[in-house]
Amino acid sequence: MPVRPVERRVARSNKLAIARHLSGPFAHPLADWLEQSTEGNPYIIAELVRYAHTSGWLTADGMVDLRALSSQPVVPQTVYHLIETRLNRLSEPARRVLDAAVVVGRDFDFNVVAKAAALSEEAALDTLDELLAARLVVPLFAAWFRFDHSLTMEVVGRDVGDLRRRMLHRRVGEAIEALYRDRIDDVAGQIAFHFARSGLVERAATYALRAAERSVTLAAWPEAAEFYAQALAGLPASQRSATLVRLGEARLQAGAPAAAVDAFRDAIAAAQTPKEALAARLALARALIPQGRYAEVIALVSQVEPTAHPHDQATALFLWGTALSLEGADLAGATERLVAAAQILGDEPTVQRAALAQVTFELGNIAAQQGDLDTAIARYERAQEIADQADDEAITWRILARNNQAYHRLLRGEVDAAATIISEAMVLAEERGMLSLQPYLLSTAGEVALAQNDLEMASARFQQGLALATQLNIPERVAGITANVGLVALRRGETTCAVHYLSSALAQADTLGARHLAAQIRIWLAPLLPPAEARVILAEAQEIAEIGGRRRLLAAIKEVRARMVEEVMAHGRSD
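Predicted, not measured: the structure shown is a model, and the values here were computed from it.

## Section: the pairing of strand β2 (residues 137–141)
Now for step 1: Relative to strand β3 (residues 144–147), β2 runs antiparallel, the two being bridged by 4 bridges. What sits directly across from V137, in β3, is F147.
Now for step 2: In sequence, β2 turns back onto β3 through a hairpin of 2 residues, with A142 there showing a positive phi of about 45°.

## A closer look at the packing of helix α16 (residues 274–288) against helix α18 (residues 310–327)
Now for step 1: Running from N to C, α16 and α18 cross one another at 25°; their axes reach a closest spacing of 10 Å. By the angle between their directions, the pair α16 and α18 is classed as roughly parallel. Between α16 and α18 the crossing geometry is left-handed. Each of L278, L282, A285 and R286 in α16 lies in contact with α18, whose residues at this interface are D312, T315, A316 and L319.
Now for step 2: Here the residues of the contact of α16 with α18 are counted per class, giving 5 nonpolar, 1 polar and 2 charged.

## Overview of the pairing of β3
Now for step 1: What you see with β3 is a clean split: F145 and F147 sit on the buried side and W144 and R146 on the side with no burial.
Now for step 2: Relative to β3, strand β1 (residues 107–109) runs antiparallel, the two being bridged by 3 bridges. Bridge pairing links F108 to F145 in β3.

## A word on α16
Now for step 1: If you check α16, its first and last C-alpha atoms are 21 Å apart, about what 15 residues at 1.5 Å a residue would give, namely 21 Å.
Now for step 2: All buried positions along α16 are accounted for by E276, L278, A280, L282, A283, L284, A285, A287 and L288.

## Quick word on the environment of P274
Now for step 1: Looking at the element boundaries, P274 is found in helix α16.
Now for step 2: The class of P274 is exposed, set by a relative accessible area of 72%.
Now for step 3: Separated by 34 residues in the primary sequence, P274 and A308 place their C-alpha atoms 9.2 Å from one another.

## Considerations on the nonpolar core
Now for step 1: Core analysis: the largest hydrophobic core is formed by 137 residues, its most contacted members being L98, F110 and I399.
Now for step 2: Other than its neighbours up to four places away in sequence, F110 contacts V97, A124, L128, A143 and F145.
Now for step 3: Counting 38 residues, the second-largest nonpolar core is a separate cluster that includes A458, V485, A526 and I544.

## A few points about the packing of aromatic side chains
Now for step 1: In this structure the tally under the stated criterion is 7 aromatic pairs.
Now for step 2: Plain terms: the ring middles of F110 and F145 are 6.1 Å apart, the flat faces sit at 70° to each other, and that makes the pair edge-to-face. Highlighted residues: F110 in helix α7 (residues 110–116) and F145 in strand β3, separated in sequence by 35 residues. The two residues F110 and F145 agree in class, both being buried.
Now for step 3: Summarising the aromatic geometry, the rings of F318 and W397 are spaced 5.9 Å apart at their centres and angled 90° between planes, so their arrangement reads as edge-to-face. In this pair, F318 sits in helix α18 while W397 sits in helix α22 (residues 395–411), placing the two residues 79 residues apart along the sequence.
Now for step 4: On the basis of relative accessibility, which here comes to 15%, the residue W397 falls in the buried class.
Now for step 5: Three or more aromatic residues joined by ring pairs make a cluster, and in this case those are F318, F361, Y380 and W397.
Now for step 6: Over the face of the ring belonging to F195 we find R203, whose NZ or CZ atom lies 4.2 Å from the ring centre.
Now for step 7: Sitting over the ring of W320, R337 keeps its end group 4.1 Å from the ring centre.

## A look at the side chain of H169
Now for step 1: Note on placement: H169 falls in helix α10 (residues 162–179).
Now for step 2: What makes H169 buried here is its relative accessible area of 4%.

## Observations regarding the side chain of S198
Now for step 1: Looking at the secondary structure, you find S198 in the loop between α11 (184–197) and α12 (201–217).
Now for step 2: Those residues in contact with S198, other than ones at most four positions away along the chain, are R166, H169 and R170.

## As for the environment of L435
Now for step 1: Mapped onto the fold, L435 is located in the loop between α23 (415–432) and α24 (438–451).
Now for step 2: Since its relative accessible area comes to 27%, L435 is described here as partly exposed.
Now for step 3: Taking the C-alpha atoms as reference, L435 lies 8.5 Å from L468; in sequence the two are 33 residues apart.
Now for step 4: Once residues lying within four places of it in the same chain are set aside, the contact partners of L435 are Q253, A254, G255, L468 and L472.

## Points about the environment of D186
Now for step 1: Position of D186 among the secondary structure elements: in helix α11.
Now for step 2: On the basis of relative accessible area, D186 is assigned to the partly exposed category, the value being 40%.
Now for step 3: Taking the C-alpha atoms as reference points, D186 and R210, separated by 24 residues in sequence, lie 9.3 Å from one another.

## Structural notes on the sheet that holds β2
Now for step 1: Pairing is antiparallel across the open sheet formed by 3 strands, whose spatial order is β1-β3-β2. Both edges of this open sheet fall to β1 and β2, since each of them pairs with a single strand only. Each strand of the sheet is rotated relative to its neighbour by a mean of 35°, with strand direction disregarded.
Now for step 2: Lying on the sheet, helix α8 (residues 121–133) is in contact with β2 and β3; it crosses β2 at an angle near 110°.

## Observations regarding the pattern of salt bridges
Now for step 1: Throughout the structure, instances matching the rule amount to 29 salt bridges.
Now for step 2: R96 is the salt-bridge partner of E92, the closest N and O atoms lying 3.1 Å from each other. Of the two residues, E92 and R96 are both situated in helix α6 (residues 92–104); the distance of 4 residues between them amounts to about one turn of the helix.
Now for step 3: Taking the relative accessible area as the measure of exposure, E92 reaches 48% and is therefore partly exposed.
Now for step 4: With a shortest N-O distance of 3.3 Å, E177 and R203 are connected by a salt bridge. Remark: R203 occurs in helix α12 and E177 occurs in helix α10; sequence separation between them is 26 residues.
Now for step 5: By relative accessible area, E177 is classed as partly exposed at 21%.
Now for step 6: You can call R203 partly exposed: its relative accessible area is 32%.
Now for step 7: Look at the salt bridges and you will find they share partners, linking D374, E381, R409, R412 and E414 into a network.

Parameters and conventions
Residues numbered from 1 in each chain as written. Predicted model: local features only at pLDDT ≥ 70, side-chain atom pairs only at ≥ 80, totals over all residues. Heavy atoms only, no water. Pairing = 2+ DSSP bridges. Helix = DSSP H or I, 4+ residues; strand = E, 2+ residues; numbered from the N terminus. Axes fitted to C-alpha atoms, helices over the stretch in contact; angles between N-to-C directions. Parallel < 35°, antiparallel > 145°, perpendicular 65-115°, else oblique. Left-handed = near helix turned anticlockwise from the far one by under 90°. Contact = heavy atoms within 4.5 Å. Nonpolar A, V, L, I, M, F, W, Y, C, P; charged D, E, K, R; others polar. Buried < 20%, exposed > 50% of the residue type's maximum accessible area, 1.4 Å probe, protein only. Expected span 1.5 Å × (residues − 1). Core = buried A, V, L, I, M, F, W, Y, C linked by side-chain atoms within 4.5 Å. Phe/Tyr/Trp six-rings, centres within 6.5 Å; stacked < 30°, edge-to-face > 60°. Lys NZ or Arg CZ within 6 Å of the ring centre and 35° of its normal. Salt bridge = Lys/Arg side-chain N within 4 Å of Asp/Glu carboxyl O.

So this is what it looks like as structure tokens:
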């Protein structure tokens, strides 16, 4: 089939030349207006210029009313009349094709719209020749075409009534369904859209779910969330709770934690069985942990029935232990529950690597809080090994195990190893679209840069991480990274700023009940305060450290006190 020549368009540079001729002082805004309104169509340019002169927006001496130009789209009636005249000359089959195309969009697959218009192959080809000759559509590639102008779409769409539009959406959906049956997942979202617009919400739901799952495999989390939400409109009650859980998980990964929590709560309300209710409760508990809502997490997971599936029991114990570990008041209780979770998983006939990686990772966190870096790093390495074997099923733990291993190797002075490992973690997170983990990774990457004395990079990483942690509502990381920003200020000799950031971070950590972090910030802050205040906050840090058996923090407190005594003695000798 020969490709017809495309109607000549006025280039942007020529539109600027026209605008300069009409109005030197206002050439650029006038050229932009012509570009947006005409898409380079010479006839529409001429009509718009005539209309602007008639309306007084463009005067003979080149003055332009910019407010009038920008306040609303301007389309002279003569332009509409021209398009209507061109449409009225079309045959009935050609108009049917345009009616179907207008519900698809500016760009459309001619095979789809021809099938939706119920044309034979011969009639479809004749119709395409007619539309190309009339220059109402232009070729793009293969069987794809485009309306010559957005105004053509608008005029065609005016004549398509609501009932006919719904019928056309159904036909387009069915046409795509038939023509793309060999790769239906690629177009499931389009089919869902057209069936939904036709009022066939049940048929739309089936394809929306397929589109959502496809988006998940591509780590396109916002799109996945949209498709899950669309599917809910047409799903039976028996499928709503599970879909709401998947919606919540997609929202979490898309960086919308508050909306995710809403979806999980709706999933609990929509549950048809105790098993569904438990799955939704566990999902909600997972979402609440990064928000520091530990008491709510414990309330959700502490009442799991002994008859629940072993995997669910292990998950509940893991979440309970994690909440206790992060809260930091009962590390022994946290260890007890995590070890129990590991025991349940070990007794299962099939190894559940993702769950086992989670438990091993959190046991590493407890060892780290207690100051046993060797054990902590060994557990993070083991968690990474288990998670890597599970591949994408355990992608969160593949990333976080590397993050925590890098951080604690840094504490052990292994700066180069830490830099290599955190780079691996960041690449993994980027590839999988794991936005919700980025604040943790940026925090660690910033600390590595700080250890390398690259203050600019450290500051940039911390600022990125802080912005994301705030956006994603991860208050523990907001507090931790705010403290990191204070450490950068301290390294730059900006003591007043350092005290400000560290004090702000301390208030946040205390409010959250994040004891380990709160004790660490007190240790950083103490040397910057007057001696009396320093002694008070070091005593508070020691109380927290002793309760949890945090040997590394206790050693740091002892070191700070020794330095303070040396400074007092040195000051006395100088006097």
